[in-house]
Structure formats: C-alpha cells, structure tokens
There are 2 protein chains.
Amino acid sequence: MQEPTLLLLTALADRPRHGYAIVQEVLAISGGRVRLRTGTLYGALDRLLKEELIEIYSEEAVDGRLRRSYALTACGRTTLTAEAERLRATAAEAQRRLGLALRLPRITPKGATT
Amino acid sequence: MQEPTLLLLTALADRPRHGYAIVQEVLAISGGRVRLRTGTLYGALDRLLKEELIEIYSEEAVDGRLRRSYALTACGRTTLTAEAERLRATAAEAQRRLGLALRLPRITPKGATT
DNA sequence: TGACATATGCCGTTGGACGACTTATGGTGC
DNA sequence: GCACCATAAGTCGTCCAACGGCATATGTCA
C-alpha cells in the first residue's frame, strides 16, 4: 500500500468524511506535504470500495448535489492497523540502521580529488 | 518514495552491499515479507545512482565476473533519515487516530439486515 | 463581476514495481 | 555424472496507482 492510500484510510480512522474533507484532512495529517489530487482521491475511493476497506457511510443531497461520506469498514480498520504497525517497524529499523552505520574508508572509484 | 526503494536504502544504511546481498538484506529487514525482484532491484539501483542517493562503492572482478557493491551517499543518508522520520510520524498519527475512533451509529445505506 | 473556497468527478500519462526470462559459477545430493 | 539449488548480475515488457489537468456547479466575499 502506498502513502496516499494509507493517508486516505488514516483520514477516515477517527470518523467518516466526504471527499473534499478527506483531501483537507490528508493535508493536515501530512503537515501540508501531501495534497491529494482528485484523480488520486476518487480513483482510490473506487478501489477501496471494491476492496471493501471503506464503505459509503451516508449520501445526502445538498442543493440537489449528491454529497457522499465514506467510512472505514471493520476490514479497513484491521488493514490500516496492520499497515501502520508495518510502517512503524520499517521506520524503526531504518533509524536503527542509520545509527549503526560503520565508518568505512571512502573509496573514490574515479580518482576524485578528495 | 515507495517501500521497496526505502528498504533498499535501508539495506545500505549500515554498510555497502552488492546486488544479491541487498535482496537478502531487504528480505531480512522486512521479516521475509518483501522479496525484491531483480527487475525492481536494478531498476531502482540505476535510478538511485542517477539521483545520487547511492554510489558505486567498489567493483571487483570475481572469476572474471564483475561484482559491484553500492553505498549510500551523504545525500542518500540524509534522504533516508528524512524518509524514516516521515514514515515514523505517519505511522504514529495513524495509530493515534485508530485509538481516537468514535463509536458512531452504523448507517446501513442499502437497508441491509444487521 | 470576478476570484476563491467548497465539492464531485473524468481522463490520459507516467513511472515504479513486477513477473518472466537469460547467463554464469559453485556446491550438494542422488 | 547429472540435476538442482544458491549465489550473482542483468534485460524487457506489462501493469497499475498516482498524478496533472480538465470540467462542472454553488456559495461567499470583495
């Protein structure tokens, strides 16, 4: 699972949200770093609905325009929990290894002037 | 940055490694979950060389066959550090939100028999 | 009136990951 | 002696998630 998808699920973790609110929430979660494109958003929503990780929570007509809100399914919650744990472990291992780094002699293959 | 790439950089975080050793290391780091295909590996190595996140550390001829080993550059190390921190923060936020989950009434949009 | 936020959605492109394949050596077991 | 697996490096075509751009519509504020 890639970051945009994971952030999307995270945005639904505390409560259901509609499309535009998801974009705002992902922006907040990621500290302004990830601005979901609507192409990514609705593509991902369709995919996640198909995979039954999310479901339509409500459909209201606001000014004759459909407003859908989406929620995590139980399966989606389980998946997000697992993904978050996997991510945490991967990040921890990377940080551990960065700390372990050996101070190796720097070989300069092309005879660069060091 | 996607997971395979991040794991590849992580595999180089403690010391230089050649291609096959990277595959083994990524397998270990990920707890047997991620088996890098050689297509992914050499594609990523080429890309990361171009981006100067990694460099060729040594080239020895073993039995007339070239064996290259790759190392993180300073830039690669910085990037990996940043990516790991970003990942850690994302995972933490997901876990926090999973804990925050509201117990909302379950709306069953299609009149499903609960 | 024009700009911007809110809000939903489609479509074509791109790029990273993937699966399958090739080549080569050395060791282990039958 | 031969088959099979581990080690080792690499290519190529495909696929799909993400992306950028676009269309559409309403409400609000200057």
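Residues numbered from 1 in each chain as written. Chains lettered and ligands numbered in written order. Predicted model: local features only at pLDDT ≥ 70, side-chain atom pairs only at ≥ 80, totals over all residues. Heavy atoms only, no water.

Draft legend 1. Here's a closer look at the protein's contact with DNA strand D. Taken together, 21 residues are adjacent to DNA strand D, and T5, R37 and R47 of chain A together with Y20 and T38 of chain B come closest. At the protein interface, 70% of the atoms of DNA strand D within 4 Å belong to sugar or phosphate. Contacts to DNA strand D include T5 of chain A, whose side-chain N or O atom sits 2.7 Å from a phosphate oxygen. Measuring from a phosphate oxygen of DNA strand D, one finds a backbone N or O atom of G19 of chain B at 3.2 Å. Taken together, the elements giving at least two residues each to the surface near DNA strand D come down to α1 (3-11) and α3 (38-50) of chain A together with α2 (19-29), α3 (38-50) and β3 (65-72) of chain B. Take the surface near DNA strand D: its biggest share by element is five residues, from β3 of chain B. Classifying every residue of the surface near DNA strand D by side-chain character gives five nonpolar, nine polar and seven charged. (Near = heavy atom within 4 Å. Polar contact = N/O pair within 3.5 Å; in protein donor to acceptor, adjacent residues only side chain to side chain. Helix = DSSP H or I, 4+ residues; strand = E, 2+ residues; numbered from the N terminus. Nonpolar A, V, L, I, M, F, W, Y, C, P; charged D, E, K, R; others polar.)

Draft legend 2. Seen up close, the interface of chain A and chain B. Between chain A and chain B, the contact holds 40 residues from the first and 40 residues from the second. Both faces combined, the contact of chain A with chain B buries some 3400 Å², and carbon together with sulfur accounts for 63% of it. Counting the surface chain A buries against chain B, the share from its top three residues, Y57, R97 and L98 of chain A, is 20%. Counting every contact that joins chain A to chain B gives six salt bridges. Of the charged contacts, one joins D14 of chain B and R97 of chain A as a salt bridge, the two residues approaching to 3.8 Å between their closest N and O atoms. Inspection of the chain A/chain B interface yields six residue pairs in polar contact (both at pLDDT 80 or more). Sorting the residues of the side of chain A that touches chain B by element identifies α1, α2 (19-29), β2 (54-62) and α4 (74-100) of chain A as the ones contributing at least two each. At 16 residues, the largest contribution of residues to the side of chain A that touches chain B is made by α4 of chain A. When the residues that make up the side of chain A that touches chain B are grouped by side-chain class, the tally is 21 nonpolar, five polar and 14 charged. (Contact = heavy atoms within 4.5 Å. Buried area = accessible area lost by both parts, 1.4 Å probe. Salt bridge = Lys/Arg side-chain N within 4 Å of Asp/Glu carboxyl O.)

Draft legend 3. Spotlight on the protein's contact with DNA strand C. Inspection of the region around DNA strand C gives 20 residues, with Y20 and T38 of chain A together with T5, R37 and R47 of chain B positioned closest. The sugar-phosphate portion of DNA strand C accounts for 66% of its atoms within 4 Å of the protein, the bases making up the rest. At 2.4 Å from a base oxygen of DNA strand C is found a side-chain nitrogen or oxygen belonging to T38 of chain A. Of all the elements in the fold, those that place two or more residues in the surface near DNA strand C are α2, α3 and β3 (65-72) of chain A together with α1 (3-11) and α3 of chain B. The biggest single contributor to the surface near DNA strand C is β3 of chain A, with five residues.

Draft legend 4. Layout of the side chain of T73 of chain B. All names here are of chain B. For T73, the location among the structural elements is in the loop between β3 and α4 (74-100). Among the polar contacts made by the side chain of T73, one reaches the main-chain amide nitrogen of G76 at a distance of 2.9 Å. Residue contacts for T73: discarding those within four places in its chain leaves E52, L53, I54 and E55.

Draft legend 5. Spotlight on the relation of the copies chain A and chain B. Of the transformation placing chain A onto chain B, the axial shift is 0.0 Å and the rotation is 180°, giving an RMSD of 0.1 Å. Such a combination of rotation and displacement between the chain copies is what one expects of a two-fold axis. Residues of chain A ranked by C-alpha distance from the rotation axis are headed by R88 of chain A, positioned 2.8 Å from it. Residue by residue, 100% of the interface of chain A is reproduced at the interface of chain B, so both copies engage with the same surface. (Least-squares fit on C-alpha atoms with pLDDT ≥ 70 in both.)

Draft legend 6. Structural context of the pattern of salt bridges. Under the counting rule described, the total for this entry stands at 22 salt bridges over all chains. Its salt-bridge partner being R68 of chain A, residue E59 of chain A comes within 2.7 Å of it at the nearest N-O pair. Residue class for E59 of chain A comes out partly exposed when judged on its relative accessible area of 44%. On the accessibility criterion, R68 of chain A (34% relative accessible area) is partly exposed. For R97 of chain B, the salt bridge is made with E93 of chain B, and the minimal N-O distance between the two is 2.7 Å. Taken together, the positions of R97 of chain B and E93 of chain B, both in helix α4 and four residues apart, correspond to about one turn of that helix. For the pair R97 of chain B and E93 of chain B, a shared accessibility class is recorded, and that class is buried. Several salt bridges share partner residues, and in doing so they unite D14, R17 and E25 of chain A together with E93, R96 and R97 of chain B into one network. (Buried < 20%, exposed > 50% of the residue type's maximum accessible area, 1.4 Å probe, protein only.)

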